[in-house]
Amino acid sequence: QQPVQSPQAVILREGEDAVINCSSSKALYSVHWYRQKHGEAPVFLMILLKGGEQKGHEKISASFNEKKQQSSLYLTASQLSYSGTYFCGTEIKYSGAGSYQLTFGKGTKLSVIP
Amino acid sequence: KAGVTQTPRYLIKTRGQQVTLSCSPISGHRSVSWYQQTPGQGLQFLFEYFSETQRNKGNFPGRFSGRQFSNSRSEMNVSTLELGDSALYLCASSLAPTEYSNQPQHFGDGTRLSIL
């Protein structure tokens, strides 16, 4: 039940915009977004909850379409510091286990060039 | 506030050996999750602990196990190591499981395990 991210990789020039998509085959409880720079730990960006509440970053926005079980991360006016691999984590409920589990996609590699 | 600390940072083992990795969460965090990261596969969930109890386990063989102590520190053990176990193992802590608190996970820098 790993979510599917698209695109797998994208190259941007500074100032350009990008959208990263994350879709799941299961009903979602929440969606988490993280960014990982090479050789570093993943860093939290945002949590999107059912019902539309968002918690997270000032300069990066995201949407959560519960019906379509999809989330999109919007990076506007990209900066060199935006480079890294972006992971979405989807939280779904497993009926057997009776608890929730956060499952991450394979990541989207974003490269911002001058 | 100190972040998540994982030790050791690097480890080299041979096939058939076993290994124990350690994770100290952020002070006050009671939930610890472990992930395996390999190129092209992203972050694969291993297990989650809260209040010394395993709440969830990913799709990994029984060679992978873990535990959590009363101070919330966690260890992960892999027995009978295989070449395919070479990976970066990441630990993440949060105040409580997400379903209770909707809090983010904070990741450590990981332990890079290489199997020869």
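Asker: Please clarify how the state of the cysteines should be interpreted in this entry.
Answerer: By definition, a disulfide links two cysteine residues through a covalent bond between their sulfur atoms. For the structure shown, the criterion picks out two disulfides over all chains. Across the disulfide, Cys22 of chain A is cross-linked to Cys88 of chain A (sulfur-sulfur distance 2.0 Å). Because the torsion about its S-S bond is 70°, the bridge between Cys22 of chain A and Cys88 of chain A counts as right-handed. Residue Cys22 of chain A is located in strand E3 (residues 18-23), and its partner Cys88 of chain A is located in strand E9 (residues 84-94); the two are separated by 66 residues in the primary sequence. With respect to class, Cys22 of chain A is no different from Cys88 of chain A; both count as buried. There is a disulfide in this structure between Cys23 of chain B and Cys91 of chain B, and the S-S distance comes to 1.8 Å. Measuring the twist about the S-S bond at about -50°, one finds the Cys23 of chain B-Cys91 of chain B disulfide to be left-handed. Remark: Cys91 of chain B occurs in strand E9 (residues 87-94) and Cys23 of chain B occurs in strand E3 (residues 19-24); sequence separation between them is 68 residues. Grouping residues by exposure puts Cys23 of chain B and Cys91 of chain B together as buried.

Asker: Is there a simple way to explain the pairing of strand E7 (residues 64-68) of chain B in this structure?
Answerer: Looking along a regular strand, one sees the side chains alternate between the two faces of the sheet. Residues and elements named next belong to chain B. Pairing geometry for E7 and strand E8 (residues 74-78), over five bridges, is antiparallel. Within E8, the position partnered with Ser65 by the bridge is Asn77. A loop of five residues connects E7 with E8, the two strands running antiparallel in sequence, and Ser72 in this loop sits at a positive phi of about 80°.

Asker: Is there a simple way to think about the interface of chain B and chain A in this case?
Answerer: Where the parts come together, the accessible area they lose is often given as the size of the interface. Across the contact, 23 residues belong to chain B and 22 residues belong to chain A. Of the roughly 1,900 Å² buried between chain B and chain A, counting both surfaces, carbon and sulfur atoms make up 51%. The set of elements that each furnish at least two residues to the side of chain B that touches chain A consists of strand E4 (31-38), strand E5 (42-50), strand E6 (53-57) and helix H1 (98-101) of chain B. For the side of chain B that touches chain A, the element with the highest residue contribution is E5 of chain B, accounting for five residues. Of the residues in the side of chain B that touches chain A, the class split is six nonpolar, 12 polar and five charged.

About the thresholds
- Sequence order as written defines residue numbering, which begins from 1 separately in each chain.
- Here chains are named by letter from A upward and ligands by number from 1 upward, in the order in which they appear as written.
- Note on the predicted model: pLDDT of at least 70 is required for a residue's local features to be given, and 80 or more for side-chain atom pairs to be given and counted; whole-chain, interface and lining totals, by contrast, use all residues.
- Note that water and hydrogens are dropped before the side-chain values are worked out from all heavy atoms of the structure.
- The criterion for a disulfide is a pair of cysteine sulfur atoms lying within 2.5 Å.
- Helical segments are the DSSP runs of H or I of at least four residues, strand segments are the runs of E of at least two, and each set is numbered from the N terminus.
- Each residue is assigned to one of three classes by its accessible area relative to the maximum for its type, calculated with a 1.4 Å probe on protein chains only: buried under 20%, partly exposed between the two thresholds, exposed over 50%.
- Each pair of strands is called paired provided DSSP finds at least two bridges between the two strands.
- It only takes one pair of heavy atoms within 4.5 Å for two residues to be counted as in contact.
- In short, buried area is how much 1.4 Å probe accessible area vanishes from two parts on joining, totalled over both.
- Three residue categories are used. Nonpolar comprises Ala, Val, Leu, Ile, Met, Phe, Trp, Tyr, Cys and Pro, charged comprises Asp, Glu, Lys and Arg, and polar comprises the others, including Gly.

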